[in-house]
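One letter stands for each residue in the lines below.
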Amino acid sequence: MRTLDFSPLYRSAIGFDRMANLLDAMLTSEQKQPTYPPYDIELTGEDSYRITMAVAGFEQSELDIQVEQNRLTVSGKKAEEKQQRNYLHRGIAARNFERRFQLADHVKVTDAKLANGLLHIELVREIPEAMKPRKIEITVGNLLQHNDQDRKAEAAA
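- Looking up the chain in an unreviewed UniProt entry gives the name Hsp20 family protein, with the organism given as Microbulbifer thermotolerans.
- In the Sequence similarities (unreviewed entry) part of its UniProt record, the chain is described as follows: "Belongs to the small heat shock protein (HSP20) family."

## Side note on the sheet that holds strand β1 (residues 39–45)
Next up, step 1: In spatial order, the strands read β1-β2-β7-β6; together these four strands make up an open sheet with antiparallel pairing. The open sheet terminates on both sides in strands that have one partner only, identified here as β1 and β6 (107–115). Strand-to-strand twist of the sheet, defined as the mean angle between neighbouring strand axes without regard to direction, takes the value 20°.
Next up, step 2: Looking at chain direction, strand β2 (residues 48–54) and strand β7 (residues 118–125) are connected through seven bridges and run antiparallel. Each residue of the ladder has a partner; that of Ala54, found in β7, is Leu118.

## Let's talk about the side chain of Glu62
Next up, step 1: Checked against the element boundaries, Glu62 lands in the loop between β2 and β3 (63–68).
Next up, step 2: At 3.3 Å, the side chain of Glu62 and the side chain of Lys78 are in polar contact.

Rules and cut-offs
- Residues numbered from 1 in each chain as written.
- Predicted model: local features only at pLDDT ≥ 70, side-chain atom pairs only at ≥ 80, totals over all residues.
- Heavy atoms only, no water.
- UniProt positions renumbered as here; feature names shortened; annotations may be inferred.
- Pairing = 2+ DSSP bridges.
- Helix = DSSP H or I, 4+ residues; strand = E, 2+ residues; numbered from the N terminus.
- Axes fitted to C-alpha atoms, helices over the stretch in contact; angles between N-to-C directions.
- Polar contact = N/O pair within 3.5 Å; in protein donor to acceptor, adjacent residues only side chain to side chain.

So, in structure tokens, the structure goes:
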């Protein structure tokens, strides 16, 4: 078992407690996280991702996708079978599941498709304009000239 101490981070960084809590939660839940159903996470573009889950045997009506507070939850609930079957071997897992993914800030789910037993969930990171880097123009001039103009403007006011 591995444990990490995040207390130095708390002492030297202000406002990063959410990130430390997220890392701590991911490390502790890693051992509890079930392996069913299997999934892939792909980087499909600079700011786009795809989660592909193998959900063989599930119909669209038996799957549910919800996003709440940067947490994506995918769950599947199998309907009760109407006829009793006598399996000699049962290798296709058709049990209920719930899989959770922690999303980064500004990551949104844009689409979900079910095809050939695979559930594809499309995600995109949309950074607001106010948070994007912006270029500041540099002008050439005399600093003393600007200070004199500022003083004259203040005196006139």
